[in-house]
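# Per-entry structural report
Here is what each chain is made of, one letter per residue.
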Amino acid sequence: MRDRLKSVSGKKTLITGAASGIGRATAIAAARAGAELVLTDIAAEGLADTVEAIGRDGGKVLASRALDISDYEAVREFAEEIHAQHGSLDVVMNVAGVSAWGTVENLEHRHWRRMIDVNLMGPIHIIETFVPPMVRAGRGGALVNVSSAAGLLAFPWHAAYSASKFGLRGVSEVLRFDLERHGITVHLVVPGAVDTHLVETVEIAGVDRDDPRIQRYTKRFQKHAASPEKVAQQILRGIERNRFLIHTSLEVRFGYWWARKFAWPYEFVMRRANDVFNSFLR
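Residues numbered from 1 in each chain as written. Predicted model: local features only at pLDDT ≥ 70, side-chain atom pairs only at ≥ 80, totals over all residues. Heavy atoms only, no water.

A few words now on the overall build of the chain. The helix and strand tally for the chain stands at ten helices and nine strands. In terms of overall size, the chain behaves like a compact globule, its C-alpha atoms giving a radius of gyration of 19 Å where 282 residues would be expected to give roughly 19 Å. Dimensions of the chain, computed from the C-alpha atoms along their principal axes, are close to 55 × 40 × 35 Å. The 282 residues of the chain split such that 49% are buried. Taking the intrachain contacts of the chain between residues at least 6 apart in sequence as the baseline, contacts between residues at least 24 apart amount to 74%. When the accessible area of the chain is evaluated, it comes to approximately 13,400 Å², of which 52% is carbon and sulfur surface. (Helix = DSSP H or I, 4+ residues; strand = E, 2+ residues; numbered from the N terminus. Rg over C-alpha atoms; globule rule 2.2 N^0.38 Å. Buried < 20%, exposed > 50% of the residue type's maximum accessible area, 1.4 Å probe, protein only. Contact = heavy atoms within 4.5 Å. Areas by Shrake-Rupley, 256 points an atom, 1.4 Å probe, with all protein chains shown as cover.)

In structure tokens:
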């Protein structure tokens, strides 16, 4: 067994979703820790801002490209260029993601399709193009997949979102053991409330975002949410300590334990939560 990777310092590190939120914060934190970065995001302007910020701080960005990770051909071409110029990577972080909520009668096909295309197939595209070269290189490394508390627990109105995040959790659990023989550790990040732009932009099918009740819940969410910078530090610490599940809040850690240990109370609470959420539809 190869020595496992204990730090991103000096390691060629890919981070998706680097234009904003957790992706940007992780890119900046990794650069400060000495990583040599390869960055992507669909938002070209935000990505350029991240690259500039890292450069001002003395960090190193080997390459960056604005692309849609749900586009397999775009990811494949980018991977080929990176490998031709820089060789195989050491750390791959799937951070990019989108969100949409709603009850099954309000969700449209486009919601389901986008959740799966971006949140599940996007990371799969990254994995299938960047991880096999890591295996062949024989240096070990780390794979980080950002799922969600909605990949652990059955939150109301999260069917489409959870379909993608539970799927990414399943991929990660299998690869955790599959890649162990190659010295590649796998880490599943399960954030709870995080104060990113998704809080303001998440589409809630069938609900008016200007509804004062929705606004109150949004403000309450932001009040208790962790900062992207805090989550970034927890991700890097999780790699260092070889944690498979990387929690970002005590509430999620407790909720996941509680759901597994006390099934009936968990089911009762989730039914009541659905009643509360569905009151917004009336």
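Before going further, it helps to examine the pairing of strand 3 (residues 60–66). The sheet contact formed by strand 2 (residues 36–41) and strand 3 spans six bridges and is parallel. Looking across to strand 3, one finds that E36 is bridged to K60. For the segment spanning strand 2, helix 2 (residues 44–56) and strand 3, crossover handedness is right-handed. (Pairing = 2+ DSSP bridges. Right-handed = clockwise from strand over helix to strand, strands pointing away.)

Counted according to the given criterion, the structure contains 13 salt bridges. Ionic pairing is found between E36 and K60, a salt bridge with its closest N-O pair at 3.6 Å. One end of the pair, E36, is in strand 2; the other, K60, is in strand 3, and 24 residues separate them in sequence. Relative accessible area serves as the criterion here: at 22%, E36 is assigned to the partly exposed category. Judged by relative accessible area, which is 43%, K60 ranks as partly exposed. Close ionic contact of E52 with R56 constitutes a salt bridge, the shortest N to O distance being 3.4 Å. Here E52 pairs with R56, and both are found in helix 2, just four residues apart, close to one helical turn. (Salt bridge = Lys/Arg side-chain N within 4 Å of Asp/Glu carboxyl O.)

Spanning 15 residues, helix 3 (residues 72–86) covers 21 Å between terminal C-alpha atoms, matching the ideal 21 Å at 1.5 Å per step. Among the residues of helix 3, A74, V75, F78, A79 and I82 are the ones counted as buried. Looking straight down helix 3, one finds its buried side chains confined to an arc of 130 degrees; they lie on one side. In this structure, the buried side of helix 3 is in contact with strand 1 (12–15), strand 2, strand 3 and helix 4 (109–137). Capping the start of helix 3 is the job of one residue whose side-chain oxygen sits 3.2 Å from the backbone nitrogen of E73: D71. At the exit of helix 3 stands G87, carrying a positive phi of roughly 75 degrees. (Expected span 1.5 Å × (residues − 1). Arc of directions from axis to C-beta. Polar contact = N/O pair within 3.5 Å; in protein donor to acceptor, adjacent residues only side chain to side chain.)

Position of R176 relative to the elements: it lies in helix 5 (residues 159–178). Between the C-alpha atoms of R176 and R110, which are 66 residues apart in sequence, the distance is 31 Å. Setting aside its immediate chain neighbours within four residues, R176 contacts V186 and F244.

Everything listed here is a matter of geometry and, on its own, says nothing about what the molecule does.
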